[in-house]
Amino acid sequence: MTLFLVFISCKNVTNKETEQVQIVVDSTGLKIETVEKNSGNLRLTSFLENPIDLQDFKSKKKQSLSTVMNGKEYYLNPKINDSILYLYSFLPNVPFQSKIEQLEIVVFKYGKNKHSWEDNTEILIELNVKAQDINLGKANLVGLSKTELESEFGTEYLTFDNAIVYSNKNRVLIVEFSDSKIKSYNYIKLNTEKIDKDLIGQIIK
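For clarity, every value in this text was computed on a predicted model and none was experimentally measured.

Asker: Where do I start with the overall build of the protein chain in this structure?
Answerer: Across its full length, the protein chain holds 5 helices and 10 strands. Per-residue burial over the protein chain gives 38% buried out of 205 residues. Summarising the internal contacts of the protein chain: among those between residues at least 6 apart in sequence, 53% fall at separations of at least 24. Counting every atom, the protein chain has about 12,500 Å² of accessible surface; 48% of that belongs to carbon and sulfur.

Asker: What exactly am I supposed to notice about the pairing of strand β9 (residues 171-178) here?
Answerer: Regular strands have side chains that alternate between both faces of the sheet. For β9, the buried fraction is high: 6 of the 8 residues fall into the buried class. In sequence, strand β8 (residues 163-168) turns back onto β9 through a hairpin of 2 residues, with Lys 169 there showing a positive phi of about 55°. Of the pairings in the sheet, the one linking β9 to strand β10 (residues 181-189) comprises 8 bridges and is antiparallel in character. Within β10, the position partnered with Phe 177 by the bridge is Ile 182. Taken together, β9 and the strand that follows it, β10, pair antiparallel across an intervening segment of 2 residues, in which Asp 179 is found at a positive phi of about 55°.

Asker: Before we go on, may I ask you to explain the nonpolar core in this structure?
Answerer: It is characteristic of soluble globular proteins that their nonpolar side chains tend to be buried jointly. Residues Ile 52, Ile 105, Leu 173 and Tyr 185 are the most contacted members of the largest nonpolar core, which totals 31 residues. Beyond its immediate stretch of four places on either side in the chain, Tyr 185 contacts Leu 127, Asn 128, Val 129, Leu 136, Ala 139, Leu 141, Val 142, Leu 173, Ile 174 and Val 175.

Asker: What should I look at first to understand unusual backbone geometry in this one?
Answerer: Leaving glycine aside, a negative phi is the common case for residues, and trans is the common case for peptide bonds. Here the phi dihedral of Asp 179 falls at roughly 55°; this positive angle occurs in a residue that is not glycine. Locating Asp 179 in the fold gives a position in the loop between β9 and β10. Take Asp 179: its relative accessible area is 73%, and that puts it in the exposed class. The phi angle at Ser 180 is positive, at roughly 65°, despite the residue not being glycine. Mapped onto the elements, Ser 180 comes out in the loop between β9 and β10. Taking relative accessible area as the criterion, Ser 180 reaches 54% and is therefore assigned exposed.

Asker: When you look at the confidence of the model for the protein chain in this model, what are you seeing that I'm missing?
Answerer: Caution applies to low-pLDDT parts of the model: their predicted coordinates are not meant to be read in detail. Summary statistics for the protein chain give a mean pLDDT of 83 and a share of 78% for residues scoring 70 or more. Throughout residues 2-26 the model reports pLDDT below 50, and contacts reaching past four residues in sequence, or to other chains, amount to 34 contacts.

Asker: Can you walk me through the layout of surface pockets in this structure?
Answerer: If a probe as big as a water molecule is rolled over the atoms, it shows which places are left empty. Each pocket or cavity is described by its volume, and for the largest pocket that value is around 270 Å³. Around the largest pocket, the lining is made up of 19 residues, and of these Glu 126, Asn 128, Lys 130, Asn 186 and Ile 203 lie nearest the centre. Here the element with the most residues in the lining of the largest pocket is β10; it accounts for 4 residues. When the residues that make up the lining of the largest pocket are grouped by side-chain class, the tally is 10 nonpolar, 3 polar and 6 charged.

Asker: Explanation requested: the environment of Ala 163 in the structure shown.
Answerer: Within the secondary structure, Ala 163 sits in strand β8. Here Ala 163 falls in the buried class, since its relative accessible area comes to 3%. Counting along the chain gives 14 residues from Ala 163 to Phe 177, while the straight-line C-alpha distance between them is 6.1 Å. Not counting residues up to four positions away in its chain, the partners in contact with Ala 163 are Leu 158, Ile 174, Val 175 and Glu 176.

Asker: Explain helix α5 (residues 197-204) here, please?
Answerer: Given 3.6 residues per turn, any residue in an α-helix points the same way as the ones three and four places further on. Looking only at α5, the buried set comprises Leu 199, Ile 200 and Ile 203. When α5 is viewed along its axis, its buried side chains cluster within an angular range of 95° and face the same direction. Each element contacted by the buried residues of α5 is listed here: β7 (158-160), β8, β9 and β10. For α5, the capping residue at the N-terminal end is Asp 196, with a side-chain oxygen 3.2 Å from the backbone nitrogen of Asp 198.

Asker: I'm lost on the environment of Asn 41 in this one. Help?
Answerer: Mapping Asn 41 onto the fold places it in helix α2 (residues 39-49). Each C-alpha atom of the pair Asn 41 and Gly 154 lies 6.3 Å from the other, and the pair is 113 residues apart in sequence. Not counting residues within four places of it along the chain, the set of residues in contact with Asn 41 comprises Phe 153 and Glu 156.

Rules and cut-offs
Residues numbered from 1 in each chain as written. Predicted model: local features only at pLDDT ≥ 70, side-chain atom pairs only at ≥ 80, totals over all residues. Heavy atoms only, no water. Helix = DSSP H or I, 4+ residues; strand = E, 2+ residues; numbered from the N terminus. Buried < 20%, exposed > 50% of the residue type's maximum accessible area, 1.4 Å probe, protein only. Contact = heavy atoms within 4.5 Å. Areas by Shrake-Rupley, 256 points an atom, 1.4 Å probe, with all protein chains shown as cover. Pairing = 2+ DSSP bridges. Core = buried A, V, L, I, M, F, W, Y, C linked by side-chain atoms within 4.5 Å. pLDDT = per-residue confidence, 0-100. 1 Å grid on protein atoms, 1.4 Å probe; cavity = no way out; pocket = protein on both sides within 12 Å on 5 of 7 lines; lining within 4 Å. Points joined across faces, edges and corners; volume = space filled by probe spheres on them. Nonpolar A, V, L, I, M, F, W, Y, C, P; charged D, E, K, R; others polar. Arc of directions from axis to C-beta. Polar contact = N/O pair within 3.5 Å; in protein donor to acceptor, adjacent residues only side chain to side chain.

Here's what the structure looks like:
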């Protein structure tokens, strides 16, 4: 009887990608606990938490044009004394690229290595991508269709002109389209978790 109940319960969830089933057996018999989860949202949350391995990406690029820059009002700004923002500019790594669009990364740096290329303490603040780059790994989004993006990250987003905006906590992914293909995107860590159209308008203007 117990095996039959387990079989029926498992059969009912085989067609649900978003459902996780835990089976716990204790002294009172068989208990079946289910936890609903949205796999698309989990992939989005994971991406917004860490879209690239920054140090690995930099090691593949070897070096870039680096510039100290002023922070923008909406940037995450950890309260650390003697800190700076660096802008890294990279050429994309993609064969037969007809138009070269530099990939830009803004990082928050502090401490003794803040002027060094190799700095494991630096914090990714912004990722601005306008071209494909195989070194981006899972963040190589340019050229994907809107359908492919929604399949990966879900359909819960803000719509803004030719852009859609995904967010989680203080992280946003602003994706711009041209002919239903991703033209460019901007990933930013913000100083607020209040994400609305006024803030997005300020960022993309």
